[in-house]
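# Fold and contact review
If you want the building blocks of each chain, they are given just below.
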Amino acid sequence: MSRRLRRREFLGMAAAPLLQVPLRGMATPKIKDVSVITTAPAGVRLIVVKVTTDQDGLYGYGCATFTQRADLVVEAVNRYLKPLVLGRPTDAIGDLWSAMYNSSYWRNGPVLNNAISGVDQALWDIKGRQAGMPVYELLGGKCRRAAMIYTHAAGREINETIDQARKLMSGGAKAVRLQVGIPGNAAYGAPGGGQGQSSGNTTQEDPTFDPDAYVRRTLQLFEAARKELGPEIYLLHDVHERVPPRTAVQFAKDMEQYRLFFLEDLLSPEDIQYFHQIRAHCTTPLAMGELFNSPHEWKMLIRESLIDYIRVHVSQSGGLTPAWKMAVMANEFNVRTAWHGPGDVSPIGHCANVTLDLVSPNFGIQEWTFPNDHIQEIFTGYPVVRDGYVYANEKPGWGIEINETAAAKYPFGSERGERKKLNGGWGIVRTPDGTVINQ
Ligand code: MG
């Protein structure tokens, strides 16, 4: 035995290759159990990982929600990450994140990234509970009191969308996303055309979407919205990657006059090189990224300042650990954050979003989903919105507790319609000639 190895054994390192650095005066907690909580209280499948330690009453929760392949995330946690992390110390989060990330050899996929996020965010929760501090304190503390949010206004007709926006504004909203239906089309984010809903066209199995009709209708929407809602309200719009790149370039240019807060997901992740052209032709602020999985996708856009807002789905990127690094990198290039915050993010994930919002100098805006009564029956501690801003709860960790008995009342499969038929999957939309489109 070499002298070096004997020294490693003496230090207790040979048996435990991961770092073990106890917090001041505290014994290092070890991971005793990993379990998965699955529930669909709003008709959307949510996944939360619970990591339990060997210390009495010390546990944490992490969002692992990938609703379109929810069953696979559950298996990835139970069959792959759990055996890897059991018995490991909870202290070195970055170290354990790297171990999980490398444990499949092939990496950067949404199933495994969400599974990693579940454990990662649970470890941050544990560290916050240990310290008696909210996670935002562990990241250096708040740099703002609260985070500006936006919610969605969407009608079948333009006047319905504008009426909804007015109601939101009278409730204190500072920013509203506008979407509108298109007669005979499945318009993203609008009644009668969104995912899991019928297009109303009974002659075809899958809903259809005409990009040119969409562009004409959306320009009409924003012309009317600026006239009727005034110049001050922040307006947003989500293209949801449904138009071809050459249409996208012209559309961004034509939308410039309506002075959007941002235009979201104008391109598919596969077409991001077109952002060079869009940047060269207009000043419309651009937000991108809810489908991104990997640094390979966002690094170039940030480094070359080709977008204004990075809006990744935090659990899809692998959790708080990589998202925090992304926010720090974006700050260096004046790209702001707008983390994805729809209904397929669990309340734990919304808390992670708000945490990043509060600690990032380059925060932009937060998409927000208000919880229904069933969600609030399960999750206590959901952040509170007042006058268009969301405030974190001030409790240790994420500050969320989960009633698992209540969660079990809304099992996967209890959803309705298309979502149930496709086992939570995403439906198909076709162009008028029958081609499947990215959306
Ligand atoms: Mg979106």
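Bear in mind the structure is a predicted one, so any value in this text is a computation, not a measurement. (Residues numbered from 1 in each chain as written. Predicted model: local features only at pLDDT ≥ 70, side-chain atom pairs only at ≥ 80, totals over all residues. Heavy atoms only, no water.)

## What about the overall build of the protein chain?
We count it as follows: Numbering of helices and strands runs from the N terminus, with a helix taken as a DSSP run of H or I at least four residues long and a strand as a DSSP run of E at least two residues long. Throughout, the radius of gyration refers to the C-alpha atoms, and the reference size of a globule is 2.2 Å times the residue count to the power 0.38. Classification of residues uses two cut-offs on accessible area relative to the type maximum, computed with a 1.4 Å probe and protein chains only: under 20% is buried, over 50% is exposed, and between them is partly exposed. Any two residues whose heavy atoms approach within 4.5 Å are treated as being in contact. All accessible areas in this document rest on Shrake-Rupley with a 1.4 Å probe, and a residue is counted as covered only by the protein chains that are shown.
Scanning the protein chain from N- to C-terminus turns up 16 helices and 15 strands. The C-alpha atoms of the protein chain give 23 Å as radius of gyration, which agrees with the globular expectation for 439 residues (22 Å, within 12%). Its C-alpha atoms put the protein chain at 75 × 45 × 40 Å along the principal axes. Taken across its 439 residues, the protein chain has 56% of its residues classed as buried. By sequence separation, contacts in the protein chain at least 24 residues apart represent 71% of the contacts at least 6 residues apart. On the protein chain, roughly 19300 Å² of surface is accessible, and the fraction owed to carbon and sulfur atoms is 51%.

## Overview of the coordination of the magnesium ion
For clarity, the threshold we go by: Any nitrogen, oxygen or sulfur atom within 2.8 Å of a metal ion counts as a donor, with the limit raised to 3.2 Å for Na, K and Ca, and since water is left out, coordination shells can look unfinished.
The protein atoms that coordinate the magnesium ion are Asp238 (OD), Glu264 (OE) and Glu290 (OE), at distances of 2.0 to 2.2 Å. Along the chain, the residues donating to the magnesium ion are arranged with the sequence spacing D-x25-E-x25-E. Taken together, the residues span a long stretch of sequence, with Asp238 in strand β6 (residues 234-238) and Glu290 in the loop between β8 (286-288) and α10 (295-303) at a distance of 52 residues. By relative accessible area, which is 1% here, Asp238 ends up buried. By relative accessible area, which is 12% here, Glu290 ends up buried.

## Notes on the pairing of strand β5 (residues 175-180)
Applicable threshold: Pairs of strands are assigned from DSSP output, requiring at least two bridges between the strands. By convention a crossover is right-handed if, when the strands point away from the viewer, the path from the first strand over the helix to the second runs clockwise.
Across the 6 residues that make up β5, a large majority, 6, are buried. Pairing analysis gives 5 bridges linking strand β4 (residues 147-155) to β5, with the strands arranged parallel. Across the sheet, residue His152 finds its bridge partner in β5, namely Arg177. Between β4 and its parallel partner β5, the chain crosses via helix α6 (residues 158-170), and the hand of that crossover is right-handed. In the sheet, β5 pairs with β6 via 3 bridges, with the strands oriented parallel. By the bridge assignment, Ala175 is partnered in β6 with Tyr234.

## Quick look at the packing of aromatic side chains
The condition is simple: In this scheme Phe, Tyr and Trp rings, the latter by its six-membered ring, pair at centre separations within 6.5 Å, and the angle between planes marks the pair as stacked below 30 degrees, edge-to-face above 60, and tilted otherwise. Both a distance and an angle decide whether a charge sits over a ring: NZ of Lys or CZ of Arg must be within 6 Å of the ring centre and within 35 degrees of the ring normal.
The final tally for this structure, using the stated rule, is 11 aromatic pairs. Centre to centre, the rings of Tyr105 and Trp106 are 4.7 Å apart; their planes meet at 65°, and the pair counts as edge-to-face. In terms of burial, Tyr105 and Trp106 fall into one category: exposed. Cluster of aromatic residues (ring-pair linked, three or more members): Tyr150, Tyr234, Phe261, Phe262 and Tyr309. The side chain of Lys50 reaches across the aromatic face of Tyr59, ending 4.7 Å from its centre.

## With respect to the pattern of salt bridges
In plain terms, the rule: Whenever a carboxyl oxygen of Asp or Glu lies within 4 Å of a side-chain nitrogen of Lys or Arg, that contact is scored as a salt bridge.
Tallying each qualifying case throughout the model produces 19 salt bridges. Note that Asp206 and Arg430 form a salt bridge whose closest N and O atoms lie 2.8 Å from each other. Placement of the pair is Asp206 in the loop between β5 and α7 (211-229) and Arg430 in the segment after α16 (417-421), with a sequence separation of 224 residues. By relative accessible area, Arg430 is classed as partly exposed at 24%. Taken together, the salt bridges that share partners define one network made up of Glu264, Glu290, Arg311 and Glu367.

## A few points about the packing of α6 against α7
Going by this rule: Axis lines are fitted to C-alpha atoms, over the contacting stretch for helices. Their N-to-C directions set the angle, which ranges from 0 to 180 degrees. In this scheme, roughly parallel covers angles under 35 degrees and roughly antiparallel covers those over 145, while 65 to 115 is roughly perpendicular and the rest are oblique. By the definition used in this description, the sense in which the near helix is turned from the far one sets the handedness, with an anticlockwise turn below a right angle giving left-handed and a clockwise turn giving right-handed. By the convention adopted, Pro, Cys, Tyr, Trp, Phe, Met, Ile, Leu, Val and Ala count as nonpolar, Lys, Arg, Asp and Glu as charged, and the other residues, Gly among them, as polar.
Between α6 and α7, the least distance of the axes is 10 Å, while the angle of their chain directions is 40°. On the basis of their axis angle, the class for α6 and α7 is oblique. Two packed elements cross with a definite hand, and for α6 against α7 that hand is right-handed. On α7, the residues touching Ile158, Thr161, Ile162, Ala165, Arg166 and Met169 of α6 are Arg217, Gln220, Leu221, Ala224, Ala225, Glu228 and Leu229. Considering only residue class, the contact of α6 with α7 consists of 8 nonpolar, 2 polar and 3 charged.

## Remarks on the pairing of strand β3 (residues 59-63)
Counting buried positions over the 5 residues of β3 gives 5, a clear majority of the element. Burial along β3 is two-sided: the residues Tyr59, Tyr61 and Cys63 and Gly60 and Gly62 are all buried. In terms of strand pairing, strand β2 (residues 46-53) meets β3 through 5 bridges, oriented antiparallel. Paired with Val51 across the two strands is Gly60, which belongs to β3. In sequence, β2 turns back onto β3 through a hairpin of 5 residues, with Gly57 there showing a positive phi of about 75°.

## A few points about the sheet that holds β3
Reading across from one edge, β1-β2-β3 is the order of the 3 strands in this open sheet, with antiparallel pairing throughout. Strand pairing shows two members of the sheet lacking a second neighbour, β1 (31-39) and β3, which therefore form its edges. Strand-to-strand twist of the sheet, defined as the mean angle between neighbouring strand axes without regard to direction, takes the value 20°. Note: β1 against β2, 8 bridges, orientation antiparallel.

## Section: the environment of Trp298
Residue position: Trp298 is located in helix α10. In this structure the C-alpha to C-alpha distance between Trp298 and Val312, which are 14 residues apart in sequence, comes to 8.9 Å.

## Section: helix α8 (residues 245-255)
Listed as buried for α8 are Pro245, Thr247, Ala248, Val249, Phe251, Ala252 and Met255. Buried-residue contacts for α8 involve α7, β6, β7 (262-264) and α9 (275-281).

## Here's the deal with α7
Put simply, the rule reads: Under the convention used throughout, the expected extent of a helix is 1.5 Å for every residue step, that is, one less than its residue count. Counted as a polar contact is a pair of N or O atoms within 3.5 Å, where, for protein atoms, one must be capable of donating a hydrogen and the other of accepting one, and residues adjacent in sequence contribute only when both atoms are in side chains.
Over its 19 residues, α7 extends 26 Å from the first C-alpha to the last, a length consistent with the 27 Å expected when each residue adds 1.5 Å. Measuring from the side-chain oxygen of the N-cap residue of α7 to the backbone nitrogen of Asp212 gives 2.9 Å; that N-cap residue is Asp210. Positive backbone phi, approximately 90°, marks Gly230, located one or two places after α7.

## With respect to the confidence of the model for the protein chain
Short version of the rule: Residue-level confidence of the predictor is what pLDDT reports, using numbers from 0 through 100.
Residues with a pLDDT of 70 or more make up 91% of the protein chain, whose mean pLDDT is 92. The low-confidence segment residues 1-17 (pLDDT under 50) makes 6 contacts with residues lying over four places distant or belonging to another chain. When the criterion is pLDDT under 50, residues 196-203 qualifies, and its contacts beyond four places in sequence or with other chains add up to 9 contacts.

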